[in-house]
Amino acid sequence: MELPLWIDFFDELQNVRGRSQNTVMAYRRDLELYIEYRKTHSNVAGFYEFMKKNKLSTRSQARVISSLRTYFKFCETRGHNSPELRELRPPKVKVGLPKVLTPQEFQQLFDAAEVTDPVKTARNQLTLLFLYGLGCRVSELIALNVTDFNQTDRWIKVLGKGSKERLVPLTEKLAETLTTYLREHRSVLMKENNHSILINDRGHRPSRVDVWRWLASWSTRAGFSEPVNPHRFRHGCATALLESGADLRSIQMLLGHASIQTTQIYTNVTTNTMTRTIEEHHPLSQLAEVDK
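From a predicted model like this one, the values you see are computed outputs, not experimental measurements.

Visitor: What am I meant to see in the confidence of the model for the chain here?
Guide: Of all residues in the chain, 83% attain a pLDDT of 70 or more, and the chain-wide mean is 84. Looking over the chain, one finds the lowest element-wise mean pLDDT in helix α16 (residues 283–291), namely 46, and the highest in helix α10 (residues 186–189), namely 96. The model gives residues 274–279 a pLDDT under 50, and that stretch makes three contacts with residues more than four places away or in other chains. pLDDT under 50 marks residues 288–292. Its contacts with residues more than four places away, or in other chains, come to zero contacts.

Visitor: So what exactly am I meant to see when it comes to unusual backbone geometry here?
Guide: Excluding glycine, residues mostly have negative phi values, and the peptide bonds linking residues are mostly trans. Notably, L5 is not glycine yet its phi reads approximately 55 degrees, a positive angle. On the secondary structure map, L5 appears in the segment before α1 (6–16). Under the relative-accessibility criterion, L5 is labelled partly exposed at 21%. Of note in the backbone geometry, K55 takes a positive phi value of approximately 65 degrees without being a glycine. Looking at where K55 falls in the secondary structure, it is placed in the loop between α3 (47–53) and α4 (58–77).

Visitor: I'm lost on the pairing of strand β3 (residues 165–169) in this one. Help?
Guide: Every regular strand shows the same layout, with side chains that alternate between the two sheet faces. Side chains of β3 alternate between two faces, with R166 and V168 buried and E165, L167 and P169 left unburied. Of the strand pairs in this sheet, strand β2 (residues 155–159) and β3 are connected by five bridges, and their pairing is antiparallel. Within β3, the position partnered with L159 by the bridge is E165.

Visitor: Hey, could you run me through the state of the cysteines in this one?
Guide: Two cysteines, two sulfur atoms, one covalent bond between them: this is a disulfide. Counted by the stated rule, this structure contains zero disulfides. A disulfide-free cysteine, C237 has its sulfur positioned 8.9 Å from the sulfur of C136, the nearest such atom.

Visitor: What's the story with the packing of aromatic side chains in this structure? I'm lost.
Guide: For any pair of aromatic rings, geometry is given as the distance between the ring centres together with the angle between the planes. A full pass over the atoms with the stated rule returns 14 aromatic pairs. Here the aromatic rings of F47 and F50 are separated by 6.1 Å at their centres, their planes lie at 25 degrees, and the arrangement is stacked. Within this pair, F47 and its partner F50 are both found in helix α3, separated by three residues, close to a single helical turn. Using a relative accessible area of 0% as the deciding quantity, one classes F47 as buried. Each residue in the set W6, F9, F10, Y27, Y34, Y37, F47, F50, Y71, F72 and F74 is aromatic and connected to the rest through ring pairs, giving one cluster. When the ring centre of W214 is taken as origin, the NZ or CZ atom of R123, which lies over that ring, is 4.2 Å away.

Visitor: Would you take a moment to explain the pattern of salt bridges for this structure?
Guide: Pairing between side chains of opposite charge can happen when the charged atoms of each approach one another. If you walk through the whole model with that rule in mind, you get 15 salt bridges. One salt bridge in this structure joins R63 and D30, with 2.7 Å as the shortest N-O distance. Of this pair, R63 sits in helix α4 while D30 sits in helix α2 (residues 21–38), placing them 33 residues apart in sequence. Relative accessible area serves as the criterion here: at 41%, R63 is assigned to the partly exposed category. Put simply, R166 and E140 hold a salt bridge, and the shortest N to O gap is 2.9 Å. In this pair, R166 sits in strand β3 while E140 sits in helix α8 (residues 138–142), placing the two residues 26 residues apart along the sequence. For E140, a relative accessible area of 2% puts it in the buried group.

Rules and cut-offs
Residues numbered from 1 in each chain as written. Predicted model: local features only at pLDDT ≥ 70, side-chain atom pairs only at ≥ 80, totals over all residues. Heavy atoms only, no water. pLDDT = per-residue confidence, 0-100. Helix = DSSP H or I, 4+ residues; strand = E, 2+ residues; numbered from the N terminus. Contact = heavy atoms within 4.5 Å. Buried < 20%, exposed > 50% of the residue type's maximum accessible area, 1.4 Å probe, protein only. Pairing = 2+ DSSP bridges. Disulfide = S-S within 2.5 Å. Phe/Tyr/Trp six-rings, centres within 6.5 Å; stacked < 30°, edge-to-face > 60°. Lys NZ or Arg CZ within 6 Å of the ring centre and 35° of its normal. Salt bridge = Lys/Arg side-chain N within 4 Å of Asp/Glu carboxyl O.

Right, dumping it as structure tokens:
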């Protein structure tokens with residue numbers, strides 16, 4: 001089976017909608033999975049069971065269906081009849097609360113990122129400060145350039161999803177750490193002329209794999225049972241701000257969420273934390289224990 005408008009669809013994703021290369025490749029994998037299924041099956045309904053047999057989680061299935069629906073909507077706007085658009089419905093996904101990184105865990109990682117080489121230590125700890133202080137995605141982190149930093153006004157430009165730019169204010173500590181790193185350490189790591197703020201051990205702009213590898217190493221040294229997922233920094237940043245009194249709109253702008261509804265999930269995290277605190281420490285909770 002061949003899908004129509006294949007080239008046109010991916011050209012629109014990348015050049016009109018501004019999707020990242022990683023996102024475009026994810027769409028391609030999802031569509032290729034559907035093509036594989038339709039080679040031997042005529043009915044659309046069986047695709048759900050096919051995804052289960054391929055050991056896709058409910059969340060992954062929802063992503064695949066979303067990719068297919070985006071594609072078939074595109075086809076219909078170009079005059080192609082796409083009955084699959086009516087047949088493919090995303091499965092219900094139970095939205096779990098994000099697992100946050102606590103300030104104590106961040107400090108453990110920060111200490112574990114110190115190595116014998118002071119230049120690499122500066123790079124390592126700046127990486128952690130960026131992840132936790134900006135709440136940025138890994139793709140945004142590795143795309144940061146020297147020219148994105150405004151030292152005078154103390155902000156940095158972050159390039160988010162869909163090539164949308166946002167200006168993120170820096171704390172005094174992060175701005176000072178970044179300034180020192182750029183002045184004293186970055187040039188030592190570089191082996192070629194590039195604009196990247198962070199430089200990997202080979203002297204180039206780091207990749208996503210580099211960041212994951214660094215975090216895995218520091219997590220082990222910090223004594224964690226598993227590597228810290230980069231997204232936990234993002235969740236930790238948002239939750240810490242919310243618990244300190246920041247408003248949802250400000251957090252939305254910081255994280256680059258397209259919708260305030262995405263940001264609202266953090267209110268559930270803080271509510272759960274507050275509930276546990278009350279249960280553990282409120283006098284009435286302790287009184288209830290006595291009455292039992």
